[in-house]
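Reading the structure
Next come the chains, spelled out residue by residue.
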Amino acid sequence: MSAPIRIGIVGCGNIADNHVAAYRAADGAEVVAVCDVDRARAQAFADQRGIPSATGSVAELLVLDLDAISVCTPHPTHEEVVVAAAQAGVHVLCEKPISTSAAAAERMIEATAAAGVTFGVVFQRRFWPGAQRLHRAIVDGTLGTPMLGHCRVLLHRGKEYYDSAPWRGTWDADGGGVLMTQAIHYIDLLQWFMGEPVEVYGRAGSFTLADSIEVEDTAAAVITFASGAIATLSATVAATPNLGSELTITGSTGATISIGEYPEGSDADVEIWAVPGDEQAVSTLASGGFRPDKSVAEVNASLQHLHRRQIEDFVAAIREGREPAVTGAQALRSLQIVEAVYVSARSGEPVRLAHRGEARIFTHLPVPSEVSA
Ligand SMILES: NC(=O)c1ccc[n+]([C@@H]2O[C@H](COP(=O)([O-])OP(=O)(O)OC[C@H]3O[C@@H](n4cnc5c(N)ncnc54)[C@H](O)[C@@H]3O)[C@@H](O)[C@H]2O)c1
């Protein structure tokens, strides 16, 4: 057996524990060091978990002969940490969102590709049983080509959540609100199911949290994909109680499959499986046991086994020299959708995204900008 992969964790806040536990559960990886700009926090984190080294800077961490790092720092710092890892020849798994700007995300993808290191981005909901089953139904043709999508995210974050860290809820430090920090998980799934986004028309606002945050608490959008397929996105952190999320895809065979996460942090399984000749409707909501009052810490803890699945995949990708389940290029797509909603909401116009020319399968009515062009 080859030696365990030596891992460092950057950022010792809320989500770092999910990474430590996941590496410890994964075969062939060992967490040997942690780092935080708050050196005392890094030391306490390491001491409490029996991790040998603690450092106060990424530069000090990267001289410790590591194979890979996990980036668990606030979004705007992801670029500098990922690029530093790439330049040191260290593989890197970065927490979502990849960054708060698509230009920065592209630099991260370029730096890791140029260095030849594995670069993965955490979207652990890809490993939900329901998400895996829905994706398989697309790959094996059960759904045909996805035609219509609905992504509905009705979460709750109160003032206390935004007050818990100085970077939350500001454009500069958080890069956005519900779309950038919470809904991006489900936007990642939407693009995984529906393909390359090419146009976004969106609206966003702050309705109930305007006194606590600068960024949007609520947003809605229509997204068009390269196939011509369309999807609606609606998201809020102002739902009381927290109702979780739901993704529904209808394909060109007429089949509809829906997955639901009730409450947030539960494993989403199939809620509706309406495939012609094979209808199996299931409803978690109707079967009871719904508990909408989980704290954010409980939500994070209940996602730990999904971090474990993604970290197992990342470690295997390093060993096998293959791409991880969620690449930087895939993570860029969800960020481009979020950015486009913000631009569209400000301008009142639909936003076209650069598109690599996949064949259009569905036709759709022209948008006003096409009519006037
Ligand atoms: N995948 C998920 O479900 C999930 C859940 C929660 C958070 N996250 C993501 O994880 C990231 C961190 O979130 P959090 O809630 O753990 O934040 P946090 O504020 O609790 O912790 C961040 C830590 O990073 C440290 N830090 C900041 N800049 C640093 C730098 N340049 N180098 C080293 N350390 C630095 C801070 O001192 C702090 O201890 C965010 O991008 C967030 O979106 C993902």
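Anything mentioned here points back to the structure above.
Let me sum up the structure you'll find in this document. Along each chain, numbering runs from 1 in the same order as the chain's sequence is written. Given that this is a predicted model, residues contribute local features only at a pLDDT of at least 70 and side-chain atom pairs are listed and counted only at 80 or more, while totals for whole chains, interfaces and linings are drawn from all residues. Hydrogen atoms and water are omitted, and side-chain values are computed over all heavy atoms in the structure.

**A short note on the side chain of Thr181**
By secondary structure assignment, the location of Thr181 is in helix α9 (residues 178-194). Within the structure, Thr181 has its side chain in polar contact with the side chain of His75 (distance 3.0 Å). Residues within four places of Thr181 in sequence aside, it is in contact with His75, Lys96, Tyr161, Asp174 and Gly176. To qualify as a helix, a DSSP run of H or I must reach at least 4 residues; to qualify as a strand, a run of E must reach at least 2; elements of each kind are numbered from the N terminus. Within 3.5 Å is the distance limit for a polar contact, defined as a pair of N or O atoms, with the added protein rule that one can donate a hydrogen and the other accept it, and that residues adjacent in sequence qualify only through two side-chain atoms. It only takes one pair of heavy atoms within 4.5 Å for two residues to be counted as in contact.

**Digging into the sheet that holds strand β1 (residues 5-10)**
Pairing within the open sheet is parallel, and its 6 strands lie in the order β3-β2-β1-β4-β5-β6. The open sheet terminates on both sides in strands that have one partner only, identified here as β3 (53-55) and β6 (119-121). In this sheet, neighbouring strand axes are inclined to one another by 25° on average, regardless of whether the strands run parallel or antiparallel. In short, DSSP must find at least two bridges between two strands for them to pair. Strand direction decides the pairing type here: strand β2 (residues 29-35) and β3, joined by 3 bridges, are parallel. By the bridge assignment for β3, Cys35 is matched with Thr55. Here the axes come from fitting lines to C-alpha atoms, over the contacting stretch only for helices, and the angles between their N-to-C directions go from 0 to 180 degrees. Against the sheet, helix α1 (residues 16-25) contacts β1, β2, β4 (68-71) and β5 (91-94), and its axis sits at roughly 170° relative to β1.

**Here we look at the environment of Asp27**
Topologically, Asp27 is positioned in the loop between α1 and β2. Separated by 173 residues in sequence, Asp27 and Val200 have C-alpha atoms that sit 41 Å apart.

**Notes on unusual backbone geometry**
A cis amide bond links Lys96 to the next residue, Pro97, at an omega of -15°. By secondary structure assignment, the location of Pro97 is in the loop between β5 and α5 (102-115). Along the chain, Tyr262 connects to Pro263 via a cis peptide bond; the corresponding omega equals -10°. Relative to the assigned elements, Pro263 resides in the loop between β12 (256-261) and β13 (269-275).

**Points about the sheet that holds strand β9 (residues 218-225)**
Ordered in space as β14-β13-β12-β11-β7-β10-β9-β8-β15, the 9 strands form an open sheet in which the pairing is mixed. Bordering the open sheet on either side are β14 (278-279) and β15 (351-352), each of which pairs with just one other strand. In this structure, strand β8 (residues 197-205) lies alongside β15, joined through 2 bridges in antiparallel fashion. Looking at β15, one finds that Val200 is bridged to Val351. Of the strands in this sheet, β7 (146-154), β11 (244-251), β12 and β13 are in contact with helix α6 (residues 129-139), which crosses β13 at around 25°. Strand contacts of helix α12 (residues 328-347): β8, β9 and β15, with the helix running at about 55° to β8, the strand carrying the most contacts.

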